[in-house]
Amino acid sequence: MTSKRVLTADYCEGCKINNVEGIKSQGLSLKDTADKLIRTFAEQIFYTGFIHADPHPGNVLVRRGPDKKAELVLLDHGLYDFLRKKDRVALCKLWRSIILRDEPAMKKHSEDLGVKDYFLFCEILLQRPINMREMGLANILTREETAYMREMAMNHFERIMEVLKSLPRPMLLVFRNINTVRSINITLGAPVDRYFIMAKSAVKGWSRIRAFDSSRLPKIAVFRWLWMVWESLKFEFALRSEVVAMRLTASLLRLLAHFGLVPADEQMYQYLQH
């Protein structure tokens, strides 16, 4: 029905994804909504490479689906951009290496995307400071982390611009998508770990790309499949073990505080459990 002169539109029910009360009034879960939002944009960034160019909250509606759970509706598909496969592969590997604090890999995969100032690039990508001695990444920044990011934006503007100029053009949309996801997740109360979900999506996207390529080489396809399963399991184990370690640390601190051996610091407990 749509042609050069006729645009056929459809009316979609739902509330904006940053409308917390609107989502709750439909009996929908904020956690399920946030999880689906992150996975939707991660699919575009890490696997299809077909990236929505205007991903603000007004272009994402939430409605009750046939399964009585949250269903997302993406609006305004007039402008998309495409991230090449080699750039998607580099981005998938980069995100994985950041989460695992693999600094040599962070440097290599940043260079694959045309960036030499790799550490600054990684912090821009995650939109938070990166501590190479700790694997945990809280969804909500502390005061110190917020101050650090503001200082970086003000005092390292030229370096930031140099990084952005060296990137493939569609990567700018990746930043915009990631920022949208970050902002909405916080608005919804940060009910899910977006870093963990994005990282899992990156590993999955990389595996799917490799699986597609290996289908053309049936003799070694099974070995590539086994390798991808192994890589995914290693990644999952590394992340899960860090989460468990942080939660055990939080529990130990609470126990020590209960007996008066250390001062109670609720903010620290919450940070460790995010």
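The structure presented is a predicted model; accordingly, all values stated were derived computationally and were not measured.

What counts, and at which threshold
Residues numbered from 1 in each chain as written. Predicted model: local features only at pLDDT ≥ 70, side-chain atom pairs only at ≥ 80, totals over all residues. Heavy atoms only, no water. Helix = DSSP H or I, 4+ residues; strand = E, 2+ residues; numbered from the N terminus. Buried < 20%, exposed > 50% of the residue type's maximum accessible area, 1.4 Å probe, protein only. Contact = heavy atoms within 4.5 Å. Areas by Shrake-Rupley, 256 points an atom, 1.4 Å probe, with all protein chains shown as cover. Expected span 1.5 Å × (residues − 1). Salt bridge = Lys/Arg side-chain N within 4 Å of Asp/Glu carboxyl O. Pairing = 2+ DSSP bridges. Axes fitted to C-alpha atoms, helices over the stretch in contact; angles between N-to-C directions. Phe/Tyr/Trp six-rings, centres within 6.5 Å; stacked < 30°, edge-to-face > 60°.

Asks: Before we go on, may I ask you to explain the overall build of the protein chain in this structure?
Replies: Assigned secondary structure in the protein chain consists of eleven helices and five strands. Relative to its 274 residues, the protein chain shows a buried fraction of 41%. The long-range share in the protein chain, meaning contacts at least 24 apart out of those at least 6 apart in sequence, stands at 68%. Of the roughly 15600 Å² that the protein chain leaves accessible, carbon and sulfur atoms contribute 59%.

Asks: I tried to follow unusual backbone geometry on my own but got confused; where do I start?
Replies: The phi torsion of most residues other than glycine is negative, and most of the peptide bonds are trans. Backbone geometry at K68 places phi at a positive 70°, although glycine is not the residue there. Within the element layout of this structure, K68 appears in the loop between β3 (60–64) and β4 (70–74). Phi at D76 takes a positive value of approximately 60°, unusual for a residue other than glycine. Tracing the sequence through the fold places D76 in the loop between β4 and β5 (80–82).

Asks: Looking at this model, I keep getting lost on helix α3 (residues 85–99). Mind explaining?
Replies: Note: α-helices contain 3.6 residues per turn, so residues at a spacing of three or four share the same orientation. Between the first and last C-alpha of α3 there are 21 Å, a value that for 15 residues agrees with the 21 Å anticipated at 1.5 Å per step. For α3, the buried fraction is high: twelve of the 15 residues fall into the buried class. Downstream of α3 by a residue or two, R101 has a phi angle that is positive, lying close to 55°.

Asks: It is not clear to me how the pattern of salt bridges should be interpreted in this structure. Could you clarify?
Replies: Side chains carrying opposite charge are able to pair once their charged atoms draw close together. Under the defined criterion, the tally for this structure stands at ten salt bridges. A salt bridge links E71 to R63; its shortest N-O distance comes to 2.6 Å. Judged by relative accessible area, E71 falls into the partly exposed class, the value being 26%. Between D87 and K86 there is a salt bridge; the shortest N-O distance is 3.6 Å. Overlapping salt bridges bring together R84, K86 and D87 as one network.

Asks: In this structure, what is going on with the sheet that holds β4? I would like to understand it.
Replies: Pairing in this open sheet of three strands is antiparallel, and the strands run β1-β3-β4 from one edge to the other. Taken across any chain shown, the strands that pair with only one partner, and hence form the sheet edges, are β1 (15–16) and β4. With five bridges connecting them, β3 and β4 associate as antiparallel partners. Directly across from L61, in β4, lies its bridge partner V73. In the packing of helix α2 (residues 30–48) onto the sheet, contacts are made with β3 and β4, and the angle to β4 comes to roughly 40°.

Asks: Which parts of the structure should I look at to understand the pairing of β3?
Replies: Where β1 meets β3, two bridges bridge the pair, whose relative direction is antiparallel. Counterpart to C15 in the pairing with β3 is V62. Following β3, the chain reverses through five residues before pairing antiparallel with β4; K68 in that reversal takes a positive phi of roughly 70°.

Asks: Looking at this model, I keep getting lost on the packing of aromatic side chains. Mind explaining?
Replies: The geometry of an aromatic ring pair comes down to the distance between the two centres and the angle between the two planes. Overall, the coordinates contain four aromatic pairs when judged by the stated rule. Between Y118 and F119 the ring centres are 6.5 Å apart and the planes differ by 85°, which places this aromatic pair in the edge-to-face class. Measuring from centroid to centroid gives 6.2 Å for F121 and F175, while their planes differ by 85°, and the two rings are edge-to-face. Of this pair, F121 sits in helix α5 (residues 118–126) while F175 sits in helix α8 (residues 170–187); the two residues are 54 residues apart in sequence, bridging distant segments of the chain.

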